[in-house]
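Residue-level structure breakdown
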Amino acid sequence: MEVKALFRLATTPSLLAVLALACGQAGSANGSQVSVQDPVARWLDPGHTQYGFFPAPPRDGVDAVLEHFQALGQYADFILIQAPVPWQDFLPSIEGDSQSRIDLRNQVILAGQHGLGVVFVVDPLNGLDRREFFGLPQGWEGSFANLDVRASFRHFTLWLLRTFRPQYLGLASEINTYGDAHPEDMPHFHSLYQETYAQVKAESPDTLVFVTFQWEGLTQRFPQVFKGGTTGLPKWEQVQAFEPNLDIWAISTYPYFIFSGDEPIPPDYYTPLADQTAKPLAVAEGGYASRLVGNLTGSPEAQLQFLESVQNQIGNRLRLWVNLLLTDFDLDAYRQAARAQGHDPGDLDGLAWFAGVGLRENDGRPKPALELWASFLHRPQTHEGD
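Residues numbered from 1 in each chain as written. Predicted model: local features only at pLDDT ≥ 70, side-chain atom pairs only at ≥ 80, totals over all residues. Heavy atoms only, no water.

Per the counting criterion, the structure on display carries 34 aromatic pairs. An angle of 25° between the planes, with centres 5.0 Å apart, marks the rings of Phe-120 and Phe-164 as stacked. Of the two residues, Phe-120 sits in strand E3 (residues 117-123) while Phe-164 sits in helix H6 (residues 147-164), which places them 44 residues apart along the sequence. Judged by its relative accessible area of 0%, Phe-120 falls in the buried class. Here Phe-164 falls in the buried class, since its relative accessible area comes to 0%. An aromatic cluster is defined as three or more aromatic residues linked by ring pairs; in this entry it consists of Trp-87, Phe-133, Trp-140, Phe-144, Phe-153, Tyr-178, Phe-189, Tyr-193, Tyr-197, Phe-213 and Phe-242. (Phe/Tyr/Trp six-rings, centres within 6.5 Å; stacked < 30°, edge-to-face > 60°. Helix = DSSP H or I, 4+ residues; strand = E, 2+ residues; numbered from the N terminus. Buried < 20%, exposed > 50% of the residue type's maximum accessible area, 1.4 Å probe, protein only.)

The strand order E7-E6-E3-E2-E1-E11-E10-E9-E8 describes an open sheet built from 9 strands, whose pairing is parallel. The open sheet terminates on both sides in strands that have one partner only, identified here as strand E7 (208-210) and strand E8 (212-214). Between one strand axis and the next, the sheet turns through 25° on average, direction left out of account. Looking at chain direction, strand E1 (residues 50-53) and strand E2 (residues 78-84) are connected through 2 bridges and run parallel. The residue of E2 that forms the bridge with Phe-53 is Ile-79. Packing against the sheet, helix H12 (residues 300-314) makes contact with E1, strand E9 (249-253), strand E10 (281-286) and strand E11 (318-323), and its axis sits at approximately 170° to E11. (Pairing = 2+ DSSP bridges. Axes fitted to C-alpha atoms, helices over the stretch in contact; angles between N-to-C directions. Contact = heavy atoms within 4.5 Å.)

Attention now moves to the environment of Arg-365. Its place among the elements puts Arg-365 in the loop between helix H13 (331-340) and helix H14 (368-378). Taking the C-alpha atoms as reference, Arg-365 lies 8.8 Å from Thr-327; in sequence the two are 38 residues apart. In terms of polar contacts, Arg-365 uses its side chain to reach the side chain of Asp-363, at 2.7 Å. (Polar contact = N/O pair within 3.5 Å; in protein donor to acceptor, adjacent residues only side chain to side chain.)

The next point concerns empty space enclosed by the protein. Counted according to the given criterion, the structure contains 2 cavities of 30 Å³ or more. Empty space within the second largest cavity amounts to approximately 30 Å³. Every residue along the wall of the second largest cavity is listed here: Phe-213, Leu-218, Trp-236, Val-239, Trp-249, Ala-250, Ile-251 and Leu-273. At 3 residues, E9 tops the list of elements feeding residues into the lining of the second largest cavity. Of the residues in the lining of the second largest cavity, the class split is 8 nonpolar, no polar and no charged. (1 Å grid on protein atoms, 1.4 Å probe; cavity = no way out; pocket = protein on both sides within 12 Å on 5 of 7 lines; lining within 4 Å. Points joined across faces, edges and corners; volume = space filled by probe spheres on them. Nonpolar A, V, L, I, M, F, W, Y, C, P; charged D, E, K, R; others polar.)

Laid out in structure tokens, this is it:
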């Protein structure tokens, strides 16, 4: 959802400080001094679901980041790095020297030090508003028809591929939200996706390539946004437009925006996804708040029911499952850090909508859902068709 851009503001200073300490030996932008493929490869097992989180610590600071990665190593197989496109860095060519290259390389090394794999999602859009691009240089047209946008997107994707050889590589997040706002531009994204897909497969046939779709949007459950459709009826044409070159059908899902705390998730909420395709599935991000959030309801019991719903309805088809947070955000601590860094604390207000989806309180105390998640993580599983 909209929290990814806020992650960048909230976590970048502390994360970069940790990376400088933990991975200082990796400071070469050309990658000649380090190998980052092995940590990514160790966790792969395509016959079983892999479980992960976004690498977002509960508060700012070096100690918080280090403690958080230690916990991630206990409760996850991988982290998902949703990487904004560094447009200027990658416009000239795939290779080059830039801080963005160093930072991403160091994040992967830090994950590997804690036994975690990495899934990448290339993210050209604004996490605060999926209807627009994020971070475009001044004067660039926000369109997938823009030749500079297309070149930077392809170069960045191929750099990720060549540097990390990921098993899973997403090429956009919640792309249906952009498509609903800009249907005229979607043919341009489709062509960019197909071109990039072909280049990825030519170099790494085993890499699984996908985009993610926002499930509550795809199923038209946001009446204030999706008008004139049938609530609950998926707009499958938005997914089919990427076929046959869609290796995984991946969604994001936050059903507490739709259902009240006393209203259970229907037993067929996710089953249409499994019924529509025989391909592997993924929850590339999602969660349920364990407490009240503004005018939205949540509870520990509802969070448990969310995990049970995903597991019972599509769990035997999932290749990847990402719960957005392991540990809740400490918003007061982040606001203090933002103020100290010269940022407007109000910029973090949007985090409140997602701050309670972690499986631990912000002080590390486990919620009831953590035990259930851990049981999934360590349970022998076999996918249908494997």
